[in-house]
Amino acid sequence: MKPLLFGTSKINDQGILEIGGVQATDLAKDFGTPLFVYDTALIKKQAQGFKQTFEELGVKHRVIYASKAFTSKAIYQLLQKEGLGFDVVSDGELHTALVSGVNPDMIEFHGNNKSYSELLTAVEEKVGMIVLDNFHELELLKAITKEKKQIQKVMLRVTPGVDAHTHDYILTGQEDSKFGFDVKSGQAANAFEKVQESQYLHLSGIHCHIGSQIFDTTGFSFATEKMLEILMDWQKKYDYVAEILNLGGGFGVTYTSEDHPLPAKDYVKQMVEKVKEECDRLDYPLPEVWIEPGRSIVAEAGTSLYTVGSRKDVEGVRNFVAVDGGMGDNIRPALYGSKYNAFLANRALDELTEIVTLVGKYCESGDKLIEDLKLPKAKPNDLVAMTTTGAYGYSMASNYNRNQKPAVVFVENGKTQLVVKRETIEDVARFDLDLK
Ligand SMILES: *Cc1c(COP(=O)(O)O)cnc(C)c1O
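Quick notes on the rules
Residues numbered from 1 in each chain as written. Predicted model: local features only at pLDDT ≥ 70, side-chain atom pairs only at ≥ 80, totals over all residues. Heavy atoms only, no water. UniProt positions renumbered as here; feature names shortened; annotations may be inferred. Helix = DSSP H or I, 4+ residues; strand = E, 2+ residues; numbered from the N terminus. Rg over C-alpha atoms; globule rule 2.2 N^0.38 Å. Buried < 20%, exposed > 50% of the residue type's maximum accessible area, 1.4 Å probe, protein only. Contact = heavy atoms within 4.5 Å. Areas by Shrake-Rupley, 256 points an atom, 1.4 Å probe, with all protein chains shown as cover. Lys, Arg positive; Asp, Glu negative; His and termini not counted. Charge placed at Lys NZ, Arg CZ, Asp CG, Glu CD. Core = buried A, V, L, I, M, F, W, Y, C linked by side-chain atoms within 4.5 Å. Domains from an automatic or database assignment. Disulfide = S-S within 2.5 Å. Salt bridge = Lys/Arg side-chain N within 4 Å of Asp/Glu carboxyl O. Expected span 1.5 Å × (residues − 1). Bend = angle between axes of the 7 residues up to and from the residue. Axes fitted to C-alpha atoms, helices over the stretch in contact; angles between N-to-C directions. Parallel < 35°, antiparallel > 145°, perpendicular 65-115°, else oblique. Left-handed = near helix turned anticlockwise from the far one by under 90°. Nonpolar A, V, L, I, M, F, W, Y, C, P; charged D, E, K, R; others polar. Phe/Tyr/Trp six-rings, centres within 6.5 Å; stacked < 30°, edge-to-face > 60°. Near = heavy atom within 4 Å. Polar contact = N/O pair within 3.5 Å; in protein donor to acceptor, adjacent residues only side chain to side chain. Pairing = 2+ DSSP bridges. Right-handed = clockwise from strand over helix to strand, strands pointing away.

- Under an unreviewed UniProt entry, the name given to the protein chain is Diaminopimelate decarboxylase, and the organism recorded is Vagococcus fluvialis.
- UniProt's Catalytic activity (unreviewed entry) comment on the protein chain is quoted here verbatim: "meso-2,6-diaminopimelate + H(+) = L-lysine + CO2".
- What UniProt records for the protein chain under Subunit (unreviewed entry) is the sentence "Homodimer."

Right, here's the structure in full:
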């Protein structure tokens, strides 16, 4: 396997990985490891790949970053400058967005179990859109907006029954899902009627999210057809016309050489074409099209740097190479069996002479980052670069074994900026109280 390189990443003449014009070895020296490094030029390029394509096509739109993929003040601030909106799914993400200076009108609140207090905060902060997911929160929000005498824009999240053919754990569009109102059984229509009963809820449109790590546009095409079927039905029955059609996120990225996602602009082009075609065919007014990319904005821009420590070589069985991080900073291999690529960032031109299992330092046999990885003979203090770790890595990090969460740095044009500090040894015990 050749190193998979993204954005501004390259291997210099000394065989050292450079990201944003900064050597990985210098980053490791200055900030320690494990370390998340983000190529911000690539983040902006991805964001514009979606946004500019909509603009070129002259379609009203909103590109909303699903901020659960990687949440931090700096990423909100960076993407706000690019004109993106933000999907938040908890009071914590909402708080982070607000203290980052995000315009509340550009925030969309998602989630399948929003609490009363989360909904109250969202209304008080004048969040631009709340995507209703179930009857419980619909009633809560009705009560809150009535009490406050405040209009709130909402969308209904529906499950149109589209199977995007990806991994079960990250498949959220089908009927057997904890998310959204089911269409077939009449839940969605029932929810529609309940929203219309309220004078404070303004129904802006409908939403679906059919899955994740999707490589073509077939699923989105099906979803568009289903969504327009629903809208046509509501037009006939209730004389309702949607302002917004939100088709969710899930655009694929390259983790290994086996992944072949489309460029951002192709997803947008094909989705917009399909929406236009369906609206023309059905004589339905073209709604604004919203999408919610998370992974595809940040995944390939992120690289994890680890330092090699111990090895365990079992003759004829397996060679294990252990690094100073693992499932605490990247749970995806253990949780989903996700595949990744990695190489030695300090010796990237060396011949790949052995096949190893790259493991972490956590007390779980399942703490394997990559199985069957070709590397040069790795020794202590070698630097491992694991690529495409920018999404659902840091944001799913834990303090298991009381390890400290890594630092996060942004790099661009030879400049480095620390955007999330490394946790300290004191941090891991900060909530503990002495026994009385
Ligand atoms: C997670 C999620 C997204 C983003 O998915 P990606 O695969 O990261 O693009 C978008 N919308 C909703 C509702 C989600 O739950």
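Once you've had a look at it, read on.
1. Details of the overall build of the protein chain
So, step 1. A count of helices and strands for the protein chain gives eleven helices and 21 strands.
So, step 2. Compactness check: the protein chain gives a C-alpha radius of gyration of 23 Å against a globular reference of 22 Å for 436 residues, within 12% of the reference.
So, step 3. With 436 residues in all, the protein chain has 57% of them scored as buried.
So, step 4. By sequence separation, contacts in the protein chain at least 24 residues apart represent 70% of the contacts at least 6 residues apart.
So, step 5. On the protein chain, roughly 19300 Å² of surface is accessible, and the fraction owed to carbon and sulfur atoms is 49%.
So, step 6. Averaging the locations of the 49 positively and 62 negatively charged side chains of the protein chain gives two centres separated by 2 Å.

2. Digging into the nonpolar core
The tendency in soluble globular proteins is for nonpolar side chains to be buried as a group.
So, step 1. Membership of the largest hydrophobic core comes to 105 residues, with the highest contact counts inside it found for Tyr65, Ile130, Leu156, Trp234 and Val298.
So, step 2. It is helix 8 (residues 218-238) that provides the largest number of residues to this core, a total of eight residues.
So, step 3. The residues that make up this core include at least three from each of domain 1 (10-39 + 299-429) and domain 2 (110-292).
So, step 4. Ignoring anything within four residues of it in the chain, the contact list for Tyr65 reads Phe70, Ile75, Leu79, Leu84, Gly85, Phe86, Asp87, Pro293, Gly294, Ile297 and Val298.
So, step 5. Ranked by size, the runner-up nonpolar core spans 17 residues in total, among them Val22, Leu35, Val409 and Val411.

3. A short note on the state of the cysteines
So, step 1. In the structure shown here, the tally under the stated rule is zero disulfides.
So, step 2. Cysteine Cys208 shares no disulfide, and the gap to the nearest cysteine sulfur, in Cys279, comes to 14 Å.
So, step 3. In this structure Cys208 comes out as buried when scored by relative accessible area, which is 0%.

4. Quick notes on the UniProt feature "modified residue: N6-(pyridoxal phosphate)lysine" (unreviewed entry) in the protein chain
So, step 1. Cross-referencing UniProt, the feature "modified residue: N6-(pyridoxal phosphate)lysine" (unreviewed entry) maps to Lys68 in the present numbering.
So, step 2. Mapping Lys68 onto the fold places it in the loop between strand 5 (61-66) and helix 3 (73-81).
So, step 3. Look past the residues within four positions of Lys68 in its chain and what remains in contact with it is Glu93, Tyr392 and Ser395.

5. Details of the pattern of salt bridges
So, step 1. Under the definition given, this model contains 20 salt bridges.
So, step 2. Across the pair Glu278 and Arg281 runs a salt bridge, and its minimum N-O distance is 2.9 Å. Of this pair, Glu278 and Arg281 both sit in helix 9 (residues 264-282), separated by three residues, roughly a single helical turn.
So, step 3. Judged by its relative accessible area of 4%, Glu278 is buried.
So, step 4. The exposed category is assigned to Arg281, whose relative accessible area is 59%.

6. A word on helix 2 (residues 40-57)
So, step 1. Here helix 2 spans 26 Å end to end across 18 residues, near enough to the 26 Å set by a 1.5 Å rise per residue.
So, step 2. Of all bends in helix 2, the biggest is about 30 degrees, found at Gln48.
So, step 3. Looking at the residues trailing helix 2, positive phi occurs at Gly58, about 65 degrees.

7. Looking at the packing of helix 5 (residues 116-124) against helix 6 (residues 135-148)
So, step 1. At a minimum axis separation of 10 Å, helix 5 and helix 6 run at an interaxial angle of 45 degrees. By the angle between their axes, helix 5 is oblique relative to helix 6. As helix 5 packs across helix 6, the resulting crossing turns out to be right-handed. Residues Tyr116, Leu119, Leu120, Val123 and Glu124 of helix 5 pack against Glu137, Leu140, Leu141, Ile144, Thr145 and Lys148 of helix 6.
So, step 2. Split into classes, the residues belonging to the contact of helix 5 with helix 6 amount to seven nonpolar, one polar and three charged.

8. A look at the packing of aromatic side chains
So, step 1. Applying the stated criterion to the full structure yields 17 aromatic pairs.
So, step 2. Measuring from centroid to centroid gives 5.8 Å for Phe36 and Tyr394, while their planes differ by 90 degrees, and the two rings are edge-to-face. Of this pair, Phe36 sits in strand 4 (residues 35-39) while Tyr394 sits in the loop between strand 19 (383-387) and strand 20 (407-412); the two residues are 358 residues apart in sequence, bridging distant segments of the chain.
So, step 3. When the centroid spacing of 5.0 Å and the interplanar angle of 70 degrees are considered together, the rings of Phe135 and Phe181 count as edge-to-face.

9. Description of the site of the ligand
So, step 1. Taken together, the neighbourhood of the ligand is formed by 15 residues, with Lys68, Ser212, Glu292, Arg295 and Tyr392 sitting nearest.
So, step 2. A distance of 3.5 Å separates a nitrogen atom of the ligand from a polar atom in the side chain of His209.
So, step 3. Within the backbone of Gly294, a nitrogen or oxygen atom sits 3.0 Å from an oxygen atom of the ligand.
So, step 4. Its residues assigned to classes, the shell around the ligand comprises three nonpolar, seven polar and five charged.

10. Section: the pairing of strand 5
So, step 1. When you tally the buried positions in strand 5, you get six out of six residues, the bulk of the element.
So, step 2. A two-sided burial pattern is seen for strand 5, the buried positions comprising His61, Val63 and Tyr65 on one face and Arg62, Ile64 and Ala66 on the other.
So, step 3. Relative to strand 13 (residues 288-291), strand 5 is paired through three bridges, and the arrangement is parallel. Paired with Arg62 across the bridge in strand 13 is Trp290.
So, step 4. By the bridge criterion, three bridges tie strand 5 to strand 6 (residues 85-88) in an arrangement that is parallel. Within the sheet, the bridge partner assigned to Ile64 lies in strand 6 and is Gly85.
So, step 5. For the crossover from strand 5 across helix 3 to strand 6, the handedness is right-handed.

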